[in-house]
Each structure stands twice: as C-alpha cells, then as structure tokens.
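# Structure at a glance
Next come the chains, spelled out residue by residue.
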Amino acid sequence: MDAFKKPLFKKEDSSALSPVQGPQPKILLVASEIYPFAKTGGLADVVGALPLALIKLGCEVALIMPKYKSVSPEKYRLKYEINGLSVPMGMGDMSADVLSTRLGDTQIKVYFVQCDRYFDRDGLYGTPEGDYHDNAERFAFFCRSSLELLRALDWYPDVIHLNDWQTGLIPAYLKTLYADQKAYQKIKTLFTIHNMAYQGLFPKYVLPMTGLRWEEFKQEKLEFYDQVNYLKAGLVYSDAINTVSPTYAAEIKTDEFGQGLQGVLNIRSEDLHGILNGIDYEEWNPSTDKEIPAQYTVKNHDRKIESKVKLLNEMGLEFKAKTPVIGLVSRLSDQKGFDLISEIIEPFLAMDVQLVVLGTGDARYHEMFQALQQRFPKKLAVNLKYDNRLAKLIYAGSDMFLMPSRFEPCGLGQMIAMKYGSIPLVRKTGGLSDTVENLSLEGKKGTGFVFENYQSEDLLFIIRRAVEAFGQPKIWKELVQRAMTKDFSWTASARQYLELYGYIRRK
Ligand code: ADP
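Residues numbered from 1 in each chain as written. Predicted model: local features only at pLDDT ≥ 70, side-chain atom pairs only at ≥ 80, totals over all residues. Heavy atoms only, no water.

Bringing the domain arrangement of the chain into the picture now. One can read the domain layout of the chain as domain 1 (26-278 + 490-506) and domain 2 (298-484). Put simply, the middle of domain 1 and the middle of domain 2, counted by C-alpha atoms, are 32 Å apart. Each side of the interface is counted separately: domain 1 has 21 residues, and domain 2 has 20 residues. Together domain 1 and domain 2 conceal approximately 1,500 Å² of surface at their shared face, both sides included; 56% is due to carbon and sulfur atoms. Counting across the interface, domain 1 meets domain 2 through 0 salt bridges. (Domains from an automatic or database assignment. Contact = heavy atoms within 4.5 Å. Buried area = accessible area lost by both parts, 1.4 Å probe. Salt bridge = Lys/Arg side-chain N within 4 Å of Asp/Glu carboxyl O.)

Structure follows, in structure tokens:
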C-alpha cells in the first residue's frame, strides 16, 4: 500500500542524517514508556530512538512519560522541575510533581509526571494476573498533566506526537476542553498506533472522571459498544494517524486486523499513514555491543560462535557447532504465535535444533513454557524474565530467530536479529512482511524464512527449510551476510515523520 496518498515525500536516499533546510517544527512526544527509562516492548525503543534522529534533522524535541517506581532518580539524575502542578480532573483538582532529565547525552528534555498514587508501583500497566484496576484514571491523569505541563513551562510545541491508547485522551482534550484556549489552538496532533490489540477500554462510568462531557460519548467519538475507548479517542480526535509499517496500515482497515476499529480507520483512511520503525544501531550493534563476548561485523561474523558458546553454556545446553540454535525473545502474549509453536513442538524439537526462549507475559504461556522445559530439558532453555543483557546474547548467539506472529504492527525483534546475523523465521504479516524476504529457491536472494497462513504445518515447513539451509554453509553464509547488511536505521523513517509533521501543520 502507498504509505502516503498525498505527495508527502520523495524516496529518500539513506545517507547520514543532516539538518533539513528551513525552520523545523517543535515536537513533543508523549508516551507511557521510553527506553532507557522504562520498557515493556517496542514502543519504548521507538520513542527512545526517534527523537535522536529528529534532532539530527534540526527539530526541537521534548518528551513526557510517567515517573514509575522503576525509574531510578539517581541513575538518571532526575531533577525537580515543578512542584505541585495543578491538574484539573473531573473529580476535582489533583496535583503532580514534574521531574526532568536529558535523553542520553543530548539536549532533549525528558519530563516525568510523578504522582505516587498512580505510578509508584512495580508494573507499568499491571501484574501477570491482569491490568491495574485504575488504568483509566492513571492515564487520563497522565494525559491531562502533560497538557498542563506545557502551560507551566510556557512551551507549546507545533505537533504533539502521541503513542498508543495511554495517550489517546490528549487529542480529545485539545479538541474539547482546550479548544478555546489560545495557546493550545495551534497545536496539531499525530497519533501513532503501535498495536491495535491494546485499546484502553473502560466502563462508561469513568467518563466524568476524565473531565470530558457526555456529548463526547457517541459512536462517532469515543464510545465503543457502550464503553469508553481511549485508543478510539486517539484515532477520532487527532489530526493525523500513522502506524508502524505500511502493511499494518493497510491490514488494520480490514475485519481481520482492525480489532473492531476498522470502521473508524476506514473513515479516516485519508489521514492514515504507515512508517516503518527503525532500529537504533548505537544500541543494537554487534560491532560495539559490550554485552557479548566477541564483537563482530558482517566481515567476521564467524565470531558469533563465541556468543553461541557462551549462551549455551549459560543455558546449560551442550554446544554443537553443527546444530542450529533458535532464539526467541518476546512478550509472551497471544499475538506472538505461541499456539503454533506448542502444536508442533514434538516434530520441531525432534529435529537437530536447540531452542532458547526469553520472555515474560501471560501466565498461561509461562506455564506452557515451564511444562515444555520439563519435557525437553536437553533441547530447550526457558527464561521467564525480562533481561536486556540476555536478549543481546540470544540475538548474537543464535543462528535463527523465531517470530511466527499472528499479527505484527512492525516488530523490532526480527530487525535486531538480522543485524546480529540471526536469521528470522517469521509469518508474512504487518512489519514482518515489510522487512523479511523469503530465501529464494536457489538460495541467492532473501534474508529469512517466511510462511503465509497462520497454520502450524506451514511454520514447521519453514523451520525444516531453515535447518536444511543451515546445513549448506555457502548458502547460509551468504544469507547471514545479506541479513546483516540490511539497513533498518532511523534515517529514512525520521525523514518520513518530519514530512508528516509538516503535512499536518499545513492541513
Ligand atoms: P512488541 O513491541 O510487540 O513487544 P517488538 O518486536 O516490536 O515487539 O519489540 C520487542 C522489544 O522488546 C525488542 O527490543 C525485544 O528485544 C525486547 N524484549 C521482549 N521481551 C524481552 C525480554 N523478556 N527481555 C528483554 N528484552 C525483551
């Protein structure tokens, strides 16, 4: 699908980022997680990396996220910026403190909304047993605080770039409660969908708490089957929408992928764009990665073997050079295709392979992988935790990377895996379809193994094909080299965002 229907940008070369001519917009990114401060998935990586590319293009950028318990004030040298920011909510005025720091070694300001009642908890959104019961309140408060913070700073961006349902009320507030406030009137909004499956769906009795009026509780606004839907608010009230790959942008307009919101997305089709996420190669790079025992580039990728030895050693599995190690690093959720893996686990692990799993998420998948670990102790190592160091060792130490997602808005795992020379085994959906090319029959083209139908036999088929190809050193070596040289840096994507910001401002 064409990412932009309007003539927004020319195809960019992927040369290094350099400032674009003319004054660039002031951008505020608001998100519920930003790497390195807090992360549960790709959202954090994206919001942590895009600003770095935008400032290289000459933009002024600031960020806002909640101050969770896990965000260490010492480690990130947080400073108090505002004490007692008054936040008007439907149930009366509340108060937030605002802390700040800089993103990495840049000048980009990151603001943290602190309110212990909502954010001083172990999780970001809930526990393995389920979501926090007051998420509607937590994120309405976060949205409202973000807008009030601008007034307190007397800094108004040209575009507020929102991300996922946690920020969905911001465009709704701007178009209603703030509509007659001059300082806010010029602000435009872009809403990025990182995943349609998480919508922030709440009983309608939460509406008065948000401060919004009942006239917003309509089918063409934020009502969804008699409930309040924060994601829908983001889609309806924002000036433009995008999602994180061109294929997913097309898919979500269909009944299969739209998660009930395909109608809204079809209505807003003209304003719906697809921009592929990039990867921050300063963070994800086997040539500089300190977490792996031997750094390597495409020229000496045989040094991956040192990571493989270390990984298997740590996992308590025997090292055998000719046996492919398959890595899996993922949130454990229905989206990621674990039902397919469980259906084929017997014939899969009967092959000469070893599987290393790292993930956390739904309790049922924790149980599933624990049970499989008991059954296949010599073939499978399961790590049910969140561990960035181990993730990197798996990307570097595995030969293949398994990602048979049911749907995948963009997916970073497969792109990171390619950079580390671990060949992705993926389903042809969303961003996986835009980034991984199936190995051609004669073995001369392609960067991975791709199956189309969400069926376990089809997954098993490509695993067999991959294992066979692994046994052919020349084909495998060239495959690894092609995968490692693919460029998924932010260069092109950041320019597309800049084009989109410009287009929204002119609208
Ligand atoms: P999603 O955003 O749906 O979770 P992505 O593939 O876009 O999936 O991004 C996942 C990111 O989270 C990747 O950077 C991956 O390495 C990381 N990740 C997922 N699970 C874990 C884990 N258990 N430990 C460390 N990193 C993880």
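Further remarks concern the packing of helix 11 (residues 338-350) against helix 16 (residues 456-470). Here helix 11 crosses helix 16 at 45 degrees, and the two axes come no closer than 9 Å. In terms of orientation, helix 11 and helix 16 fall into the oblique class. With respect to the hand of their crossing, helix 11 and helix 16 are arranged in right-handed fashion. For the pair helix 11 and helix 16, the contacting residues are L340, I341, E343, I344, P347 and F348 in the first and S456, L459, L460, I463 and R464 in the second. (Axes fitted to C-alpha atoms, helices over the stretch in contact; angles between N-to-C directions. Helix = DSSP H or I, 4+ residues; strand = E, 2+ residues; numbered from the N terminus. Parallel < 35°, antiparallel > 145°, perpendicular 65-115°, else oblique. Left-handed = near helix turned anticlockwise from the far one by under 90°.)

This model, assessed by the stated rule, comprises 23 salt bridges. Across the salt bridge formed by D271 and K507, the nearest N and O atoms sit 2.8 Å from each other. Highlighted residues: D271 in the loop between helix 9 (262-267) and strand 14 (272-274) and K507 in the segment after helix 18 (490-506), separated in sequence by 236 residues. Here R303 and E306 are joined by a salt bridge, their closest N and O atoms 3.9 Å apart. On the basis of relative accessibility, which here comes to 35%, the residue R303 falls in the partly exposed class. (Buried < 20%, exposed > 50% of the residue type's maximum accessible area, 1.4 Å probe, protein only.)

What follows is about the packing of aromatic side chains. Throughout the structure, instances matching the rule amount to 24 aromatic pairs. With 6.0 Å between their ring centres and 55 degrees between their planes, W165 and Y230 make a pair best called tilted. Residue W165 is located in the loop between strand 8 (159-163) and helix 4 (169-175), and its partner Y230 is located in helix 7 (residues 230-237); the two are separated by 65 residues in the primary sequence. Overall, W165 belongs to the buried group, its relative accessible area being 7%. Taking the relative accessible area as the measure of exposure, Y230 reaches 0% and is therefore buried. Here a set of aromatic residues connected by ring pairs shows up, and it is made of Y68, Y118, F119, Y125, F139, F141, F142, W165, F202 and Y230. It is R121 that lies over the ring of Y132; its NZ or CZ is 4.8 Å from the centre. Taking the ring centre of Y173 as reference, the NZ or CZ of R144 above it sits at 5.2 Å. (Phe/Tyr/Trp six-rings, centres within 6.5 Å; stacked < 30°, edge-to-face > 60°. Lys NZ or Arg CZ within 6 Å of the ring centre and 35° of its normal.)

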